[in-house]
Amino acid sequence: MDSIDREILNIIQSDFPISTEPYAEVGRRVGLSGNEVLIRVKKLLKEGVIRKVGPFFDAAKMGHKSTLCTVNIPIEKITQIADIIALYPEITHNYLREGTPNLWFTVIAPTEERIGEILARISKDGGVGPIYNLPAKKMFKVKVDLKVVGA
């Protein structure tokens, strides 16, 4: 990763241009073409430096419900159950943590009823449970920008 990659990362994590040509706009700021920026971003994605490029929406402001869920899964079934969970477009995060319960995921859906349907389906299809539904009582959102600097 060179200094231009670091500059691109600093721009796209907090100041991603909202336009028809966002990579061209980033390119103008770092002295590259939009295509050159896109190639670099794809390389960083492939290398795992970037996990995802996408928007973050405030579910509540959009009239949706969100919740954090967790379930304890035997280690030998983790991949199978994580794959079942990942089938739902309403799932925004799906990750393994140490301890019990060990598999955590977030759900954003139009209604609490839809969240219930998803959790029931995951439980049935995966043969797991109970799934703990932990909706936030109060939202605390901390914006974190990770300044990427040279090594």
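Above this text is the structure in question.
Since the structure is predicted, the reported quantities are computational estimates derived from the model, not experimental observations.

Undergrad: Where do I start with the environment of proline 135 in this structure?
TA: Within the secondary structure, proline 135 sits in the segment after strand S4 (132-134). A sequence separation of 10 residues divides proline 135 from aspartate 125, and the C-alpha atoms of the two residues are 23 Å apart. Sequence-distant contacts of proline 135, that is, excluding residues within four places in its chain, are made with Ser66, Thr67 and Leu68.

Undergrad: Would you take a moment to explain the packing of aromatic side chains for this structure?
TA: The way to describe two aromatic rings as a pair is by their centre distance and the angle between their planes. The tally for this structure, following the rule as stated, stands at 1 aromatic pair. Their ring planes at 80 degrees and their centres at 5.6 Å tell us that phenylalanine 16 and tyrosine 23 sit as a pair that is edge-to-face. Above the plane of the ring of tryptophan 104 lies arginine 97, whose end atom (NZ or CZ) is 5.5 Å from the centre.

Undergrad: Explain unusual backbone geometry here, please?
TA: For residues besides glycine, phi is generally negative; the peptide bonds are generally trans as well. The omega torsion across threonine 100 and proline 101 is -5 degrees, close enough to zero to call that bond cis. Note that proline 101 resides in the loop between strand S2 (91-96) and strand S3 (103-109). Backbone torsion omega between glycine 129 and proline 130 reads -5 degrees, so that peptide bond is classified as cis. Residue position: proline 130 is located in the loop between helix H5 (112-126) and S4.

Undergrad: I'm lost on the side chain of glutamate 90 in this one. Help?
TA: Its location among the elements puts glutamate 90 in the loop between helix H4 (78-86) and S2. Residues in contact with glutamate 90, not counting those within four places in the same chain, are Thr106, Val107, Ile108, Ala109, Arg114 and Ile118.

Undergrad: Would you mind showing me how to read the pattern of salt bridges here?
TA: Between side chains of opposite charge, a pair can form when the charged atoms approach closely. One pass over the full model with this rule turns up 7 salt bridges. For the salt bridge of arginine 29 with aspartate 15, the shortest nitrogen-to-oxygen distance reads 2.9 Å. Placement of the pair is arginine 29 in helix H2 (residues 22-30) and aspartate 15 in the loop between helix H1 (3-14) and H2, with a sequence separation of 14 residues. Classification of arginine 29 as partly exposed rests on a relative accessible area of 44%. As a salt-bridge pair, arginine 114 and glutamate 117 come within 3.3 Å of each other at their nearest N and O atoms. Separated by 3 residues within a single helix, arginine 114 and glutamate 117 lie in helix H5, roughly one turn from each other.

About the criteria used
- Residues numbered from 1 in each chain as written.
- Predicted model: local features only at pLDDT ≥ 70, side-chain atom pairs only at ≥ 80, totals over all residues.
- Heavy atoms only, no water.
- Helix = DSSP H or I, 4+ residues; strand = E, 2+ residues; numbered from the N terminus.
- Contact = heavy atoms within 4.5 Å.
- Phe/Tyr/Trp six-rings, centres within 6.5 Å; stacked < 30°, edge-to-face > 60°.
- Lys NZ or Arg CZ within 6 Å of the ring centre and 35° of its normal.
- Salt bridge = Lys/Arg side-chain N within 4 Å of Asp/Glu carboxyl O.
- Buried < 20%, exposed > 50% of the residue type's maximum accessible area, 1.4 Å probe, protein only.

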